[in-house]
Amino acid sequence: QVQLMESGGGLVQPGGSLRLSCAASGRFVSFAVMSWYRQAPGDQRDLVAEWTHLPSTTYADSVKGRFTISRDNVKNTLYLQMNNLKPEDTAVYYCAARPIEGANIYWGQGTQVTVSS
């Protein structure tokens, strides 16, 4: 019904920038919450940034001031602008979305971000 596809990951040097995108396809739905999570090897999946339809945004302490979450309602796409990247930002980044109507939470397949010199 709904598919999320992340893109924009890659290899970047410390201090560099990347912009991740999460495009929703399939049946159009209005999302109440869209989020970015990340998971490093051997670690849990942690919330990085979250957007709600209020609207509001929230960020993990580790990325405040460096990452910005935004949404294009026309394209139904979520973005994560990541600046001043650090090696500890290295992880697979996932987007997740919860529709206003319905109980399902949709997840993308993830995109790898590697920060290394």
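Figured I'd write up the structure that's included with this text. Note that the structure is a prediction, hence the values are computed from the model and not measured.

## Let's talk about the packing of aromatic side chains
One pass over the structure, following the stated rule, counts one aromatic pair. Pairing Y37 with W107 gives two aromatic rings, centres 5.0 Å apart and planes at 55°, and the pair type is tilted. Residue Y37 is found in strand β4 (residues 31-39), and its partner W107 is found in strand β10 (residues 106-107); the two are separated by 70 residues along the sequence. The cationic tip of R45 hangs over the ring face of Y94; the distance from NZ or CZ to the ring centre is 3.7 Å.

## So, unusual backbone geometry
With omega at -5°, the peptide bond leading from L54 into P55 counts as cis. Mapped onto the fold, P55 is located in the loop between β5 (46-52) and β6 (56-59). With a phi close to 55°, N76 is a non-glycine residue in the positive phi region. With respect to the element layout, N76 can be found in the loop between β7 (67-72) and β8 (77-82). You will see that N84, though not glycine, has its phi angle at about 50°, which is positive. Following the sequence through the fold, N84 ends up in the loop between β8 and β9 (91-99).

The rules we used
Residues numbered from 1 in each chain as written. Predicted model: local features only at pLDDT ≥ 70, side-chain atom pairs only at ≥ 80, totals over all residues. Heavy atoms only, no water. Phe/Tyr/Trp six-rings, centres within 6.5 Å; stacked < 30°, edge-to-face > 60°. Helix = DSSP H or I, 4+ residues; strand = E, 2+ residues; numbered from the N terminus. Lys NZ or Arg CZ within 6 Å of the ring centre and 35° of its normal.

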